Amino acid sequence: MCAPLQAIFGMPTTRRSAEETPAATAPTGAQAATTTQSLLVASRSWRGVGAAPPRGRIREEYTCYMNGALLILDAVPAARQLLLRCPIDHNAGLAADVAEALCEALRTGDAAALTELLPAIGDGYSKFQQDDVLDFLFDAIEAATPAILPLNTGDASPFEALFGGAYGESICCAACDTPSSQRTVTFEKVELWPEEHGSVEAAVRAHFHGSIDIDTSGSTWRCPCGSSQRYRERSLLLSPEALIVDVMRGRQGDAKNPDHVSFRRRLTVGRVRYDLSLVLEHVGRSSASGHWKGYQRNVSSSQGAGDEFMRVDDLRCDPASWSAVSRQQASVLVYVRAPDPPPPPPQPARTTRSGAQPASNRFGPLGPAAERRSRGEHESREERLSST
């Protein structure tokens, strides 16, 4: 758990209703760490604290990409709760305004105030032009962060604990496996190229696991063993709370790649299991125009029901089955860390008829037949004794 996420709860609270305030007295120190950990654990349950039901949103002009970003925050319970429950420093200027507008949009579904603050989020944003969902999401979080973090701490954003991960990367000799360089790389999303990967599972494997040969033509590097061939190897070090998959269908203004990308409800990355929470689809020939809509998992539905997902298209919110969702041309997929499985129940100890614990070999060294003969002799001996 990152220190800023713990320290947030030590800031004095100045706003919002009792439902949105974590406690009457803001916890500090070890209490803050406990509160933060409890918040993250609770958010991992679909029917637990922080899971928001899908709903439609008001769209201001050409800002459907903004609704898409808000859907991502709704689909990641820990991110939603971090914004709605943590106090805001109102001395942070425009950052406080952006943080309040984000909270207002999450609570009410009305992003009018956030739309007016687009210039504060980034110079290139305007309600009269289309933009990228993930670019806006991370820029809005960055703009609001100074009002959420304790001032002058120099720490990283608390959202890195939710969307950020890390993997180790080594460049090794192909002949003797000796590493020539090693580094740790942080990430906030996984890029999926339809023509190269074709599925979320393949993109995850390419991004985090296995090795890839490196083209060493023209390179002067040579290993002490004499080989000039190298390969790159990656291993996942830190799994994020929410794993975002960005389907690279085309850069801003380019023609889109229409190839279908396969994805599943559940994804395993290393030892961590993720559940699909949101599918965003961009409709249009070019990424510079068109329309964003989403398919958000319905927290009140059971798996296999016809309303397992809800299709959210601005103000419209309609049930959608998994078979319909899986056929969509996904542009962004959001997976949320699944609850840890409960520990297996303790097994009752087995006992023999006499009440003694059985040996590791329950039939003894002579096998089951000898065991039955021995049990029969023992019972007949007891009968003889009782008759006398």
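In this text the structure is predicted, and so the values were computed from the model without any measurement.

So, how was this worked out
- Residues numbered from 1 in each chain as written.
- Predicted model: local features only at pLDDT ≥ 70, side-chain atom pairs only at ≥ 80, totals over all residues.
- Heavy atoms only, no water.
- Helix = DSSP H or I, 4+ residues; strand = E, 2+ residues; numbered from the N terminus.
- Buried < 20%, exposed > 50% of the residue type's maximum accessible area, 1.4 Å probe, protein only.
- Contact = heavy atoms within 4.5 Å.
- Pairing = 2+ DSSP bridges.
- Core = buried A, V, L, I, M, F, W, Y, C linked by side-chain atoms within 4.5 Å.
- Disulfide = S-S within 2.5 Å.
- Phe/Tyr/Trp six-rings, centres within 6.5 Å; stacked < 30°, edge-to-face > 60°.
- Lys NZ or Arg CZ within 6 Å of the ring centre and 35° of its normal.
- Axes fitted to C-alpha atoms, helices over the stretch in contact; angles between N-to-C directions.
- Parallel < 35°, antiparallel > 145°, perpendicular 65-115°, else oblique.
- Left-handed = near helix turned anticlockwise from the far one by under 90°.
- pLDDT = per-residue confidence, 0-100.
- Expected span 1.5 Å × (residues − 1).
- Bend = angle between axes of the 7 residues up to and from the residue.
- Polar contact = N/O pair within 3.5 Å; in protein donor to acceptor, adjacent residues only side chain to side chain.

### Points about the overall build of the protein chain
If you tally the helices and strands in the protein chain, you get 12 helices and 12 strands. Counting only residues that meet the buried cut, the protein chain has 46% of its 388 residues in that class. By sequence separation, contacts in the protein chain at least 24 residues apart represent 67% of the contacts at least 6 residues apart.

### Things to note about the pairing of strand β5 (residues 230-238)
Here eight bridges tie strand β1 (residues 165-173) to β5, and the two strands are oriented antiparallel to one another. Residue pairing in the sheet places Glu-169 in a bridge with Arg-234 of β5. One ladder, built from four bridges, connects strand β4 (residues 211-214) with β5; its direction is antiparallel. For Asp-213, the partnering residue across the bridge sits in β5 and is Tyr-231.

### Re the nonpolar core
With 55 residues, the main nonpolar core has Ile-72, Leu-73, Phe-136 and Phe-163 as its most contacted residues. Residue contributions to this core peak at 11 residues, all from helix α8 (residues 133-148). Beyond its immediate sequence surroundings of up to four residues, Leu-73 is in contact with Ala-79, Arg-80, Leu-83, Leu-102, Leu-106, Leu-137, Ile-141 and Phe-163. Counting 29 residues, the second largest nonpolar core, distinct from the first, contains Val-185, Phe-187, Phe-208 and Tyr-274.

### Observations concerning the side chain of Glu-281
Mapped onto the elements of the fold, Glu-281 is located in strand β8 (residues 272-283). Leave out the neighbours within four places in its chain, and Glu-281 touches His-291, Trp-292, Lys-293, Tyr-295, Gln-328, Gln-329 and Ser-331.

### Considering the state of the cysteines
Here the structure, examined in full by the defined rule, presents zero disulfides. Looking at Cys-173, it has no disulfide partner, and the nearest cysteine sulfur is the one in Cys-225, 3.7 Å off.

### Topic: the packing of aromatic side chains
Throughout the structure, instances matching the rule amount to nine aromatic pairs. Summarising the aromatic geometry, the rings of Phe-309 and Trp-322 are spaced 5.9 Å apart at their centres and angled 35° between planes, so their arrangement reads as tilted. Residue Phe-309 is located in strand β10 (residues 309-313), and its partner Trp-322 is located in helix α11 (residues 322-325); the two are separated by 13 residues in the primary sequence. Side by side, Phe-309 and Trp-322 carry an identical accessibility label, which is buried. Among the aromatic residues, ring-to-ring pairing joins Tyr-65, Tyr-125 and Phe-136 into one connected group. Against the face of Trp-221 rests Arg-230, its NZ or CZ located 4.7 Å from the ring centre.

### Points about the packing of helix α3 (residues 64-75) against α8
One can describe the packing of α3 onto α8 by two numbers: an axis separation of 8 Å at closest approach and a directional angle of 65°. Classed by the angle they form, the pair α3 and α8 counts as roughly perpendicular. The hand of the α3/α8 crossing is right-handed. Listed contacts from α8 to Tyr-65, Met-66, Gly-68, Ala-69, Ile-72 and Leu-73 of α3 are Val-133, Leu-134, Phe-136, Leu-137 and Ile-141.

### Description of the sheet that holds β4
In spatial order, the strands read β2-β1-β5-β4; together these four strands make up an open sheet with antiparallel pairing. Each edge of the open sheet is held by one strand with a lone partner, namely β2 (179-187) and β4. Across this sheet, the average inter-strand angle for adjacent strands is 25°, counted without regard to direction. The pairing of β1 with β2 spans eight bridges and is antiparallel. Bridged to Cys-172 within β2 is Pro-179. Packing against the sheet, helix α10 (residues 200-208) makes contact with β1, β2, β4 and β5, and its axis sits at approximately 105° to β5.

### Section: the confidence of the model for the protein chain
With 68% of its residues at a pLDDT of at least 70, the protein chain reaches an overall mean of 74. Confidence drops under a pLDDT of 50 for residues 1-36, and excluding neighbours within four residues, the segment shows 70 contacts in the predicted structure. Low pLDDT, under 50, characterises residues 45-50; the stretch is placed with 18 contacts to residues that sit more than four places away or in other chains.

### Observations regarding α8
Structurally, the α-helix is built with 3.6 residues per turn, so residues lying three or four positions apart point the same way. Here α8 is 16 residues long and its end C-alpha atoms lie 22 Å apart, about the 22 Å a rise of 1.5 Å per residue gives. For α8, the principal kink sits at Glu-142 and spans about 25°; a proline, Pro-146, occurs within the next four residues. Across the 16 residues of α8, 12 count as buried, placing the element largely inside the fold. Taken residue by residue, α8 has Val-133, Leu-134, Phe-136, Leu-137, Phe-138, Ala-140, Ile-141, Ala-143, Ala-144, Thr-145, Ala-147 and Ile-148 as its buried positions. At the N-terminal end of α8, a side-chain oxygen is found 3.1 Å from the backbone nitrogen of Leu-134, two or three residues along, and the residue is Asp-132.

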